[in-house]
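Per-entry structural report
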Amino acid sequence: MDQRGPIDQILIVDSDPVHAAELEDALHTVNCRVLVCSEQEAALNTIRAEHVDLLIVVPSSPELWRKDAESLCDAVRQFEERPQIVCILRGPYRGPAERLYGDRLSIKVLYER
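Attention here is on the structure that accompanies the text. All values derive from a computational prediction rather than experimental measurement.

One open sheet holds the five strands; their spatial order is β2-β1-β3-β4-β5, and the pairing between them is parallel. In this open sheet, the two edge strands, each paired with only one partner strand, are β2 (33-37) and β5 (108-111). With direction set aside, neighbouring strand axes in the sheet form an average angle of 20 degrees. Sheet topology places strand β3 (residues 54-58) next to strand β4 (residues 84-89); four bridges connect them, and they run parallel.

So, on to the environment of Val57. One can find Val57 in strand β3. Along the chain, Val57 and Ser38 lie 19 residues apart, while their C-alpha atoms are 9.8 Å from each other. Excluding residues that lie within four positions of it along the chain, Val57 makes contacts with Val13, Leu72, Ile85, Val86, Cys87 and Ile88.

The next thing to look at is the nonpolar core. Ranked by size, the top nonpolar core spans 25 residues in total, and within it Leu11, Ile47, Leu55, Trp65, Val76, Ile85 and Ile107 carry the most contacts. Elements supplying a minimum of two residues to this core: β1 (9-14), β2, α2 (40-49), β3, α3 (65-76), β4, α4 (97-105) and β5. If you tally residues by element for this core, the top one is α3, at six residues. With near-sequence residues (within four places) excluded, Leu55 lies in contact with Leu11, Val13, Ile47, Leu72, Val76, Pro83, Gln84, Ile85 and Val86. One finds Ile10, Leu23, Cys32 and Ile56 within the second-largest nonpolar core, a separate group that totals eleven residues.

Along the chain, Gln9 turns up in strand β1. Given the relative accessible area of 7%, Gln9 is considered buried. Among the polar contacts made by the side chain of Gln9, one reaches the main-chain carbonyl oxygen of His51 at a distance of 2.6 Å. Beyond its immediate stretch of four places on either side in the chain, Gln9 contacts Arg33, Leu35, Glu50, His51, Val52, Asp53 and Leu54.

Scanning the model with the defined rule gives six salt bridges in all. Here Asp16 ties to Arg90 by a salt bridge, and the two come within 3.2 Å at their closest N and O atoms. Taken as a pair, Asp16 in the loop between β1 and α1 (17-28) and Arg90 in the loop between β4 and α4 lie far apart in primary sequence, 74 residues in all. On the basis of relative accessibility, which here comes to 26%, the residue Asp16 falls in the partly exposed class. Residue class for Arg90 comes out partly exposed when judged on its relative accessible area of 42%. Through salt bridges with shared partners, a single ionic network connects Asp16, Arg90 and Glu112.

Under the counting rule described, the total for this entry stands at two aromatic pairs. Residues Trp65 and Tyr101 carry aromatic rings whose centres are separated by 5.8 Å and whose planes lie at 90 degrees to one another, so their mutual orientation is edge-to-face. In this pair, Trp65 is assigned in helix α3 and Tyr101 in helix α4, connecting sequence segments 36 residues apart. An angle of 80 degrees between the planes, with centres 4.9 Å apart, marks the rings of Tyr93 and Tyr111 as edge-to-face. Taken together, the residues span a long stretch of sequence, with Tyr93 in the loop between β4 and α4 and Tyr111 in strand β5 at a distance of 18 residues. The ring of Tyr101 has Arg66 sitting right over it, with the charged end atom 4.8 Å from the ring centre.

Each value, and the rule that gives it
- Residues numbered from 1 in each chain as written.
- Predicted model: local features only at pLDDT ≥ 70, side-chain atom pairs only at ≥ 80, totals over all residues.
- Heavy atoms only, no water.
- Pairing = 2+ DSSP bridges.
- Helix = DSSP H or I, 4+ residues; strand = E, 2+ residues; numbered from the N terminus.
- Axes fitted to C-alpha atoms, helices over the stretch in contact; angles between N-to-C directions.
- Contact = heavy atoms within 4.5 Å.
- Core = buried A, V, L, I, M, F, W, Y, C linked by side-chain atoms within 4.5 Å.
- Buried < 20%, exposed > 50% of the residue type's maximum accessible area, 1.4 Å probe, protein only.
- Polar contact = N/O pair within 3.5 Å; in protein donor to acceptor, adjacent residues only side chain to side chain.
- Salt bridge = Lys/Arg side-chain N within 4 Å of Asp/Glu carboxyl O.
- Phe/Tyr/Trp six-rings, centres within 6.5 Å; stacked < 30°, edge-to-face > 60°.
- Lys NZ or Arg CZ within 6 Å of the ring centre and 35° of its normal.

Written out as structure tokens, the structure reads:
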């Protein structure tokens with residue numbers, strides 16, 4: 001991730017409401033505002049309306065995460081103020097190719113165990 005100022009607002013995009021709530025609870029400990037959306041279009045509308053420092057995306061499908069991440073990155077590039085993006089993969093680790101793909105998109109890819 002690049003060097004930016006402090007993170008004041010985080011937006012989570014996660015279609016699993018239980019998982020999203022767990023992430024939200026964990027992130028409240030870092031003393032920032034946390035917003036949650038269940039789908040990408042709602043997240044883009046939120047970014048249009050409010051400043052978001054960090055966008056955390058939890059793809060619903062490990063097989064489609066690349067396509068989803070690429071379309072999200074393309075959409076976010078249209079904004080003047082772009083949040084940092086972190087993609088959390090919930091499937092098994094499949095080697096460095098996923099992280100390298102994230103590097104090409106300028107996003108951070110993390111694995112949840």
